[in-house]
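Secondary and tertiary structure notes
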Amino acid sequence: DAPVLAANVCWSRSTSTATLMTGATCPTGSWPFAVKYGVVDPLSGIVTSLVPLDNACSRPGLCQPGYLAPLSTWGAAMCCFDGACWPAEDYCPGGELLFCSYGVSNDDGTVTCLEEPW
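The structure presented is a predicted model; accordingly, all values stated were derived computationally and were not measured. (Residues numbered from 1 in each chain as written. Predicted model: local features only at pLDDT ≥ 70, side-chain atom pairs only at ≥ 80, totals over all residues. Heavy atoms only, no water.)

Quick word on the state of the cysteines
Summed over the entire model, instances satisfying the criterion amount to 5 disulfides. Note that C10 is cross-linked by a disulfide to C26, the S-S spacing being 2.1 Å. Every disulfide takes its handedness from the sign of the S-S torsion; for C10 and C26 that torsion is -90°, giving left-handed. Here the residue C10 occupies a position in strand β1 (residues 4-12), and C26 occupies one in the loop between β2 (17-20) and β3 (30-40), the gap between them amounting to 16 residues. Note on C10: relative accessible area 6%, which makes it buried. With its sulfur 2.1 Å from that of its partner, C57 forms a disulfide with C63. What sets the handedness of the C57 and C63 disulfide is the S-S torsion sign, and at about -95° it is left-handed. According to the relative accessible area criterion, C57 is partly exposed, its value standing at 21%. Look at C63 and you get buried, because its relative accessible area is 17%. Counting only the cysteines that take part in disulfides, in the order they occur along the protein chain, gives the pairing 1-2, 3-4, 5-8, 6-7, 9-10. (Disulfide = S-S within 2.5 Å. Helix = DSSP H or I, 4+ residues; strand = E, 2+ residues; numbered from the N terminus. Buried < 20%, exposed > 50% of the residue type's maximum accessible area, 1.4 Å probe, protein only.)

Looking at the packing of aromatic side chains
Applying the stated criterion across every chain yields a total of 2 aromatic pairs. Centre to centre, the rings of W11 and W31 are 6.1 Å apart; their planes meet at 35°, and the pair counts as tilted. One end of the pair, W11, is in strand β1; the other, W31, is in strand β3, with 20 residues separating them in the sequence. Looking at W11, the relative accessible area reads 31%, which means it is partly exposed. (Phe/Tyr/Trp six-rings, centres within 6.5 Å; stacked < 30°, edge-to-face > 60°.)

Points about the sheet that holds β3
Strands sit in the order β1-β2-β4-β3 around a closed barrel of 4 strands; the barrel is antiparallel. Along the sheet, successive strands turn relative to each other by an average axial angle of 60°, direction set aside. (Pairing = 2+ DSSP bridges. Axes fitted to C-alpha atoms, helices over the stretch in contact; angles between N-to-C directions.)

Concerning the environment of S44
Mapping S44 onto the fold places it in the loop between β3 and β4 (46-49). Sequence spacing of S44 and R59 is 15 residues, and the spatial spacing of their C-alpha atoms is 39 Å. At 3.2 Å, the side chain of S44 and the backbone nitrogen of I46 are in polar contact. (Polar contact = N/O pair within 3.5 Å; in protein donor to acceptor, adjacent residues only side chain to side chain.)

A closer look at the side chain of T110
Summarising the element assignment, T110 is placed in the loop between β8 (96-105) and β9 (111-114). T110 sits in the buried class, given a relative accessible area of 12%. Within the structure, T110 has its side chain in polar contact with the side chain of D108 (distance 2.6 Å).

The following block contains the structure:
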């Protein structure tokens, strides 16, 4: 559910931030990029780019029935491979990055994703 921004931005290496492009070119020291998904902070004007992730439950065998969902469920990105998923930290080498709307942590560090409970 990443929001569509569809805008040109200027990324500044010195501040490691992106802002909306306000003219025909970016200021000196920044580079133009197109951002399809993202949000703009209305106070600072800083753009946060987003990447939409597929729902983990769209992959057969990754999700349990939602009626099993405990009250402590959470939503987050997961790194999944060989039928098992772990919380996605910085990257997902050799796996597939997916989003889990209703997940629970297991004692072995893996995540069980659950179908929507309704």
